[in-house]
Amino acid sequence: MAEPMNAEGAGAGSGAGAGPVALRISPLAHLAERMRTAAVTGPRGVTLTEWPFSTMVNLRVDPASEAADRIEKSLGAPLPRQCGHTTASGAHTVLWLGPDEWLVLSQAEGTDGTAVAAGLRAALGADPGSVVDVSANRTTLELSGPAARQVLEKGCPLDLHPRAFGPGHAVSTTVGPVAALLWQVDDAPTYRLLPRSSFADYLARWLIDAMSEYRGPELP
């Protein structure tokens with residue numbers, strides 16, 4: 001599981017010289033142990049982990065503009081044009097949010113939201129549009145395992161059957177009462193849920209509770 005602190009630093013008591021990045025605490029650091037112990041193994045297995053401090057940049061631009069072309073070259077990936085679609089290149093994944101809006105996720109080593117946003121702003125130039133670093137706005141929960149889809153289906157209104165939703169799909173939805181971006185990463189299946197940070201605690205607890213029944217044998 002991803003640690004609640006980033007790799008550069010330790011806890012808040014590590015010394016007066018620690019910078020703000022080293023001292024940051026993820027929205028779900030206090031639930032790390034509960035998520036670990038909630039894991040279920042076997043054919044009905046499912047695990048829940050947090051991926052904190054992901055780089056997220058909100059992008060708005062006319063997809064038919066020259067600025068969009070420059071941005072695509074900067075990302076190395078086309079901007080997805082349809083609801084639910086994603087594109088990826090290297091460390092960047094682009095999620096469709098609307099006809100002229102996307103969320104850019106980046107796992108580039110040694111970069112942060114500020115650096116990614118700066119590159120996109122340079123590509124946008126003086127053309128109409130916006131580039132905003134929203135990395136602190138959300139956290140990422142990863143739900144994975146044979147029973148992951150069944151857990152989500154307890155509170156998600158989407159049709160998550162593989163015939164309708166599969167790897168590379170990402171949409172805005174609700175899980176339980178919490179609004180989140182839901183992205184299926186692979187066919188394990190592995191899902192990543194991106195809730196607002198202020199709602200992450202509720203969503204994590206909801207998922208932990210929904211996972212609990214899979215510890216027992218499957219009923220006939």
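Structure: see above.
To keep things clear, this report deals only with the structure shown in the data block. Please read these numbers as outputs of a predicted model, since none were measured by experiment. (Residues numbered from 1 in each chain as written. Predicted model: local features only at pLDDT ≥ 70, side-chain atom pairs only at ≥ 80, totals over all residues. Heavy atoms only, no water.)

1. Focus on the overall build of the chain
In terms of helices and strands, the chain carries six helices and ten strands. Counted over contacts in the chain with a minimum sequence separation of 6, partners at least 24 positions apart contribute 60%. On the chain, roughly 10800 Å² of surface is accessible, and the fraction owed to carbon and sulfur atoms is 54%. (Helix = DSSP H or I, 4+ residues; strand = E, 2+ residues; numbered from the N terminus. Contact = heavy atoms within 4.5 Å. Areas by Shrake-Rupley, 256 points an atom, 1.4 Å probe, with all protein chains shown as cover.)

2. Some remarks on the nonpolar core
One broad trend across soluble globular proteins is that nonpolar side chains are buried collectively. Membership of the largest hydrophobic core comes to 30 residues, with the highest contact counts inside it found for Leu141, Leu143, Leu152 and Leu207. Taken together, the elements giving at least two residues each to this core come down to β7 (140-144), α5 (148-153), β8 (170-175), β9 (178-186), β10 (190-195) and α6 (200-211). No other element matches the seven residues that α6 contributes to this core. Residue contacts for Leu152: discarding those within four places in its chain leaves Leu143, Leu160, Val175, Leu182, Tyr191, Leu193 and Leu207. In terms of nonpolar packing, the next biggest core, distinct from the first, is built from 18 residues, Ala68, Leu79, Val94 and Val116 among them. (Core = buried A, V, L, I, M, F, W, Y, C linked by side-chain atoms within 4.5 Å. Buried < 20%, exposed > 50% of the residue type's maximum accessible area, 1.4 Å probe, protein only.)

3. Section: the packing of aromatic side chains
This structure, assessed with the given rule, holds zero aromatic pairs. Of note, Arg24 hangs over the ring of Phe53, and the distance from its end group to the ring centre comes to 4.0 Å. One cation-aromatic arrangement involves Arg192 over Trp51; the distance from NZ or CZ to the ring centre is 4.5 Å. (Phe/Tyr/Trp six-rings, centres within 6.5 Å; stacked < 30°, edge-to-face > 60°. Lys NZ or Arg CZ within 6 Å of the ring centre and 35° of its normal.)

4. Some points on the pattern of salt bridges
All chains considered together, the criterion is met by ten salt bridges. Where Glu72 meets Arg81, a salt bridge forms, and the shortest distance between an N and an O atom there is 3.0 Å. Residue class for Glu72 comes out buried when judged on its relative accessible area of 17%. The shortest N-O distance in the salt bridge between Arg149 and Glu153 comes to 2.9 Å. Linking Arg149 with Glu153, this pair stays in helix α5, spanning four residues, or about one helical turn. Judged by its relative accessible area of 37%, Glu153 falls in the partly exposed class. Put simply, Arg60, Asp100 and Glu101 are held in one network by salt bridges that share partners. (Salt bridge = Lys/Arg side-chain N within 4 Å of Asp/Glu carboxyl O.)

5. Some details on the pairing of β8
Side-chain positions along a regular strand alternate between the two faces of the sheet. Both β8 and β9 contribute to a ladder of six bridges, which runs antiparallel. Looking at β9, one finds that Thr174 is bridged to Ala179. The antiparallel pairing of β8 with β9 creates a hairpin that spans two residues between the two strands, and Gly176 there sits at a positive phi of about 65°. (Pairing = 2+ DSSP bridges.)

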